[in-house]
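Reading the structure
Chain by chain, the residues run as shown.
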Protein chains: 2
Amino acid sequence: MNIALIGAGNLATNLAHALTRAGHKILAVYSRTMQSAQVLSERLEQAFPDAEPVTPTDKLESVTHQADIYIIAVRDDVLHDVAANLRSLMPDALIVHTAGTMQMDVIPGKGRGVLYPMQTFSKQRIVRFEEIPVFVEAENDADLTLLKELASTISNNVMAVSGHQRKSLHLAAVFCCNFANHCSAIADFLLDEQGIPFNVMLPLIRETTAKLSQCTPREAQTGPAVREDKKVMDNHVCALEKAGHDDLAQIYRMMSDSIMAFKQKVHIKNS
Amino acid sequence: MNIALIGAGNLATNLAHALTRAGHKILAVYSRTMQSAQVLSERLEQAFPDAEPVTPTDKLESVTHQADIYIIAVRDDVLHDVAANLRSLMPDALIVHTAGTMQMDVIPGKGRGVLYPMQTFSKQRIVRFEEIPVFVEAENDADLTLLKELASTISNNVMAVSGHQRKSLHLAAVFCCNFANHCSAIADFLLDEQGIPFNVMLPLIRETTAKLSQCTPREAQTGPAVREDKKVMDNHVCALEKAGHDDLAQIYRMMSDSIMAFKQKVHIKNS
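All values derive from a computational prediction rather than experimental measurement.

**Focus: the relation of the copies chain B and chain A**
The transform that puts chain B on chain A rotates by 180 degrees and translates by 0.0 Å along the axis, for an RMSD of 0.0 Å. Considering both components of the superposition, the chain copies are consistent with a two-fold axis. Of every C-alpha in chain B, the one belonging to B:Ala180 sits nearest the axis of rotation, 2.1 Å from it. Looking at chain B, 100% of its interface residues are interface residues in chain A too, so the copies touch through the same face.

**Quick notes on helix H2 (residues 34-47) of chain B**
Residues and elements named next belong to chain B. Between its terminal C-alpha atoms H2 stretches 20 Å, which fits the 20 Å expected from 14 residues at 1.5 Å a residue. For H2, the full list of buried residues reads Ala-37, Leu-40, Ser-41 and Leu-44. For H2, the angular spread of the buried residues around the axis is 100 degrees, confining them to a single face. Every exposed residue of H2 that faces more than 90 degrees away from the buried side is listed here: Gln-35 and Gln-46. Here the buried face of H2 lies against strand E1 (2-6), helix H1 (10-21), strand E2 (25-30) and strand E3 (55-57).

**Describing the packing of aromatic side chains**
Applying the stated criterion across every chain yields a total of twelve aromatic pairs over all chains. A ring pair is formed by A:Tyr116 and A:Phe135, whose centres lie 6.3 Å apart and whose planes are at 35 degrees; its orientation type is tilted. Of this pair, A:Tyr116 sits in strand E6 (residues 112-117) while A:Phe135 sits in strand E7 (residues 134-138), placing them 19 residues apart in sequence. A relative accessible area of 1% places A:Phe135 in the buried class. Among the aromatic residues, those joined into a ring-pair cluster are A:Phe175, A:Phe179 and B:Tyr252.

**Some points on the confidence of the model for chain A**
For chain A, the average pLDDT comes to 94, and 98% of its residues sit at 70 or higher. Reported confidence for the predicted complex is 0.86 by ipTM and 0.86 by pTM.

**Brief notes about the pairing of E2(B)**
Residues and elements named next belong to chain B. In this sheet, E2 lies alongside E1 in parallel orientation, the contact comprising five bridges. Across the sheet, residue Leu-5 finds its bridge partner in E2, namely Val-29. Handedness of the crossover joining E1 and E2 through H1 is recorded here as right-handed. Pairing of E2 with E3, which is carried by three bridges, proceeds in the parallel orientation. From the neighbouring strand, Val-29 faces E3, where its bridge partner is Pro-56. This β-α-β element, E2 to H2 to E3, shows right-handed connectivity.

Each value, and the rule that gives it
Note on numbering: residues in each chain are counted from 1, in written sequence order. Both sets of labels track the order of writing: A upward for chains, 1 upward for ligands. Local features in a predicted model are, by the rule used here, given only for residues with pLDDT of at least 70; side-chain atom pairs are given and counted only at 80 or more, and totals for whole chains, interfaces and linings are based on all residues. Side-chain measures here rest on the full set of heavy atoms in the structure, leaving out hydrogens and waters. Copies overlap after least-squares fitting; the atoms used are the C-alpha atoms of residues with pLDDT of at least 70 in both. Whether two residues are in contact is decided by their heavy atoms: any pair within 4.5 Å suffices. Helical segments are the DSSP runs of H or I of at least four residues, strand segments are the runs of E of at least two, and each set is numbered from the N terminus. Every helix has an expected span of 1.5 Å times one less than the residues it contains. To sort residues, take the accessible area from a 1.4 Å probe on protein chains only and compare it with the maximum for the residue type: under 20% means buried, over 50% means exposed, and anything in between is partly exposed. The directions from the helix axis to the C-beta atoms are what the arc is built from. Pairing of aromatic rings covers Phe, Tyr and Trp, the last through its six-membered ring, and needs centres within 6.5 Å; plane angles under 30 degrees mean stacked, over 60 mean edge-to-face, and all others mean tilted. Known as pLDDT, the predictor's per-residue confidence is scaled from 0 to 100. Pairs of strands are assigned from DSSP output, requiring at least two bridges between the strands. Whether a crossover is right-handed depends on one test, that the path from the first strand over the helix to the second runs clockwise when the strands point away from the viewer.

Right, dumping it as structure tokens:
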């Protein structure tokens, strides 16, 4: 398929590589800044020297009208404006966005849909798309079929979901990925104070992740909170407060309370 | 070495396997309940049919006096009593505990130390010890050398640390492991409400972990909070509150605030 990419950030960069690898043509890359659009275009030309060159632009008006699909991968807070401007230029085009939490109808008109790859993307790290779940939605059946086909060329894990389900997926992903990663950032901060390198934590973090392939997160839980070991918890909170980290002590308390509360939630669900 | 193991829980089970695999002899396993002591003894006999049989007991008085080292792996809240009782029976023995947060001097007498393997242990899942960091401490140099030697037979990553450093390591581990895992438990809970299986999250969780081998947790951070995308954050909090999950909304807010605050902390450290 011929694709125009609106955006040149982490997701756009990874998507562009996956789509080109799957044999699609990226005709154009738009970014608010010409530099970002050029950086992505040049990276693609380096990674795929045999592919046709990509036209970078910082003007929506200059984006080709020849694409089969326009994929918007921009910040959620500018998505509404970008989608409206693009639609006014391309009244009949199939325009999709890639945002977890935004509804499909943030895009005006009827040729619209969503292609949401659920992963944490960085420009520095090009991930393999095959395993990444891609959730699709479209206004009409023909576009949904087309989106499923497109997504299936880059991922083995394509599902059609409602906007409501997609929002829950995104929210769950924020917990699993961003908040879990922040727990590591806090650990890094605490170890740094003691002159201990963060990488001593990596075997523990890897095992924590590996366990989730074998059992549910609740079953996998260990540590003072799930044991309701009040002495250790008080000791930890006290150490954080003494070091002046009242914010981290508050997080410690709240997460521990929630771990203990989840033991009850299991009972309520099971009863 | 000849070893007596005081405890038969998750850590004791994993430690017993690692020590036996490394060629040490577990002479005795003590647990408060005879059943737990027997279960571990039988598992060891099944896993290592050529090793000498282990004597299970639920009476500290029955534990052999022939061991070179007594390793206590019990809950922190009973450690004090168990250590005191054991010392009264073995005035001159080398007794060590395995707890992250407890000070070495919870064990009376002079032949004392700590052997703290930093990992999340389950009885169901016997982990390979080689990569696990093991932190050791002892009252005197001879015992420290002996503990280092013993730990080095099961791990490639042995470090002597102070009690203060060990406490920070344990606290950091609670964040990296228990709290990160609880983020997955919350995600599981939210997806379950939408009829979506938790395993769709596994590629995301694996990538979140994999990134940490290449960059710091702060550098790895993505998502609405680090982008300061207030619209998405408000949307998520609102969705949680509407679903009656005020507790999870509070965690969402606090973690997001902390992610944003950590961007400032970097600036203060760098300036």
